[in-house]
Amino acid sequence: DMGGHDTYMHKEISEQADAVDRVLRGRIDDRFSTVRLGGLNLDAREARAVRRVKILGCGTSYHAGLIGAGLIESLARVPADSEPASEFRYRNPVVDPDTLYIAVSQSGETYDVLAAVQELKRKGARVLGVVNVVGSAIARETDGGVYVHAGPEVCVVSTKCFTNTVVAFALLALHLGRTRDLSVADGKRIIEGLRRLPAQISEILEREDEIERLAHEYADARSMMFIGRVRGYPVALEASLKLKEISYIHAEAYPASELKHGPLALIEPAMPTVAVVPDDDLLEKNRAALEEIKARSGRILAVAHREQEKADHTIVVPRNEVELDPILMGIPLQLLAYHTALALGRDIDKPRNLAKSVTVE
Ligand code: M6R
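These lines cover the structure that appears in this document, whether it is placed above or below. The written sequence of each chain sets the order in which its residues are numbered from 1. Under the rules for a predicted model, residues below a pLDDT of 70 receive no local features and side-chain atom pairs below 80 are neither given nor counted, while totals for whole chains, interfaces and linings still include all residues. Side-chain measures here rest on the full set of heavy atoms in the structure, leaving out hydrogens and waters.

### Observations concerning the overall build of the protein
What counts as a helix is a DSSP run of H or I of at least four residues, what counts as a strand is a run of E of at least two, and both are numbered from the N terminus. For the protein, the count of helices and strands is 13 helices and 12 strands. In terms of principal-axis extent, the alpha carbons of the protein reach across some 55 × 45 × 45 Å. Within the protein, contacts between residues separated by at least 24 positions form 74% of all contacts whose residues are at least 6 apart in sequence. Summed over all atoms, the accessible surface of the protein reaches about 14,900 Å², with 48% contributed by carbon and sulfur. The contact definition used throughout considers only heavy atoms, calling two residues in contact when any of these lie within 4.5 Å. All accessible areas in this document rest on Shrake-Rupley with a 1.4 Å probe, and a residue is counted as covered only by the protein chains that are shown.

Here you go:
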């Protein structure tokens with residue numbers, strides 16, 4: 001049942017304010033400015049003993065893991081990274097007893113992720129899951145974890161589950177942070193930021209007509225560049241994947257700082273750039289990248305907290321706490337991919353060559 005929407009993707013994008021509300025519900029502990037995660041299975045002593053976090057997933061879940069790693073590093077000050085699960089399992093990784101491994105999956109059935117979990121467990125590691133489908137294979141194989149509570153996701157491309165997964169990571173990061181160095185005041189700041197998300201998501205979704213118009217302006221592109229820096233880079237990666245999957249327009253995602261090391265050679269009017277430009281400590285650096293693109297006659301669509309002078313168009317999104325900004329900046333780019341694919345007449349819910357869960361190697 002599409003509930004009045006023309007596609008499941010559109011329905012699922014539209015459900016995100018409620019979905020985020022669900023992942024937060026019952027988990028925030030205002031008294032201690034922390035988060036209670038019932039199924040985590042990691043007591044305070046174990047949480048404090050974690051020396052490193054390694055996140056494993058595929059596709060969109062891997063991208064959510066990249067943002068999750070950033071959240072864990074900034075809120076808990078534990079070194080963290082995210083890697084495609086398939087790469088990890090084929091390189092005979094060093095399995096370290098002080099590392100907390102986290103498997104991320106919407107379906108909970110992705111074979112490469114499941115196989116990575118099984119390999120880790122064989123080697124004695126502790127593996128948690130950040131999973132949407134309750135009772136799925138990965139949920140069962142892991143030692144504990146956080147359910148994402150995005151609700152059923154039918155469209156082959158993931159949207160609401162991506163957003164909810166990142167929010168689940170924010171909860172986990174806050175929880176880890178509060179067992180370590182994160183202050184009560186910072187805990188409170190993040191909790192307040194999390195609570196603002198649903199209304200801010202609705203605010204962004206109300207701007208769909210504007211984003212649709214922009215999609216029509218850029219739908220003629222044969223190829224698109226997506227750039228961001230630090231927290232913005234995984235947003236660029238995910239937005240470029242979304243565009244590729246449903247519109248079949250080729251897209252590249254690069255850290256803005258890497259442009260001058262090669263991809264700048266691609267910039268010309270026929271290759272527009274989508275730039276993720278939050279008002280954070282990297283704003284000036286990002287602006288410099290926009291200038292370099294403009295100097296090569298590149299068209300620019302910015303997602304930012306205020307109009308960007310160098311950009312041809314800016315989608316202005318509401319501000320949250322810097323750590324949580326990537327959650328909001330991804331949402332208009334889901335709509336951009338959606339309306340681009342629609343303008344090109346693509347079969348949005350069932351893109352060619354793809355399946356909802358990849359249960360084979
Ligand atoms: O169910 P999972 O989260 O484990 O799926 C992982 C990927 O196959 C999935 O995210 C894929 O990249 C989607 N088509 C993204 O839209």
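### Some words on the nonpolar core
In terms of nonpolar packing, the biggest core is built from 89 residues, with Val53, Leu71, Ile72, Ile102, Phe169, Leu194 and Phe226 touching the most fellow members. Top element by residues in this core is helix α8 (residues 160-178). It accounts for 12 residues. Every residue in contact with Ile72, bar those within four places of it in the chain, is listed here: Val53, Ile55, Arg77, Val78, Ala80, Ile102, Phe169, Ala173 and Leu176. Within the second largest apolar cluster, 17 residues are counted, among which are Met225, Leu264, Leu283 and Ile293. Residues belong to a common nonpolar core when they are buried Ala, Val, Leu, Ile, Met, Phe, Trp, Tyr or Cys residues joined through side-chain atoms within 4.5 Å. Any residue under 20% of the maximum accessible area for its type is buried, any over 50% is exposed, and the rest in between are partly exposed; the area is computed with a 1.4 Å probe on protein chains only.

### Re the site of the ligand
Around the ligand, the structure places 13 residues, and the nearest of them are Ser61, Ser105, Gln106, Thr110 and Glu245. We define a polar contact as two N or O atoms separated by no more than 3.5 Å, with the added condition that, inside protein, one atom must be a possible hydrogen donor and the other a possible acceptor, whereas residues neighbouring each other in sequence contribute only through side-chain atom pairs. Here an oxygen atom of the ligand sits 3.1 Å away from a polar atom, N or O, in the main chain of Thr60. Between the ligand and Glu245, the relevant distance is 2.5 Å, taken from a nitrogen atom to a side-chain nitrogen or oxygen of the residue. Isolated, the ligand exposes 410 Å² of accessible area, and the fraction of that covered by the protein chains is 91%. Contributions of two or more residues to the shell around the ligand are made by α4 (59-76) and α11 (232-247). Residue composition of the shell around the ligand, grouped by class: 3 nonpolar, 8 polar and 2 charged. Working definition: residue near molecule or strand if any one of its non-hydrogen atoms lies within 4 Å of it. Under the scheme applied here, ten amino acids are nonpolar (Ala, Val, Leu, Ile, Met, Phe, Trp, Tyr, Cys and Pro), four are charged (Asp, Glu, Lys and Arg), and all others, including Gly, are polar.

### Focus on the packing of helix α9 (residues 184-205) against helix α13 (residues 325-343)
For any two helices packed against each other, one specifies the crossing angle of their axes together with the interaxial distance. Two elements in contact, α9 and α13, have axes whose closest approach is 10 Å; the angle formed by their N-to-C orientations is 30°. Taken together, α9 and α13 sit at an angle that is classed as roughly parallel. Crossing angle aside, the handedness with which α9 passes α13 is right-handed. Contacts between α9 and α13 involve Leu197, Gln200, Ile201, Ile204 and Leu205 on the former and, on the latter, Ile327, Leu328, Ile331, Pro332 and Leu335. Considered class by class, the residues forming the contact of α9 with α13 number 9 nonpolar, 1 polar and no charged. Angles run from 0 to 180 degrees between N-to-C directions of axes, and those axes are lines fitted to C-alpha atoms, restricted for helices to the stretch in contact. Put simply, angles under 35 degrees are roughly parallel, angles over 145 are roughly antiparallel, angles from 65 to 115 are roughly perpendicular, and the rest are oblique. Take the far helix as your reference; a near helix turned counterclockwise from it by less than a right angle gives a left-handed crossing, and one turned clockwise gives a right-handed crossing.

### Observations concerning the sheet that holds strand β5 (residues 99-105)
Taken together, 5 strands build an open sheet; the order of strands is β4-β3-β5-β6-β7 and the sheet is parallel. Edge positions in the sheet fall to β4 (80-84) and β7 (144-147), since each of these pairs with one other strand and no more. Between one strand axis and the next, the sheet turns through 20° on average, direction left out of account. Should DSSP find at least two bridges between two strands, the strands are regarded as paired. Pairing of strand β3 (residues 52-57) with β4 involves 5 bridges; the strand directions are parallel. In the strand pairing of β4, Val53 is matched with Ala80.

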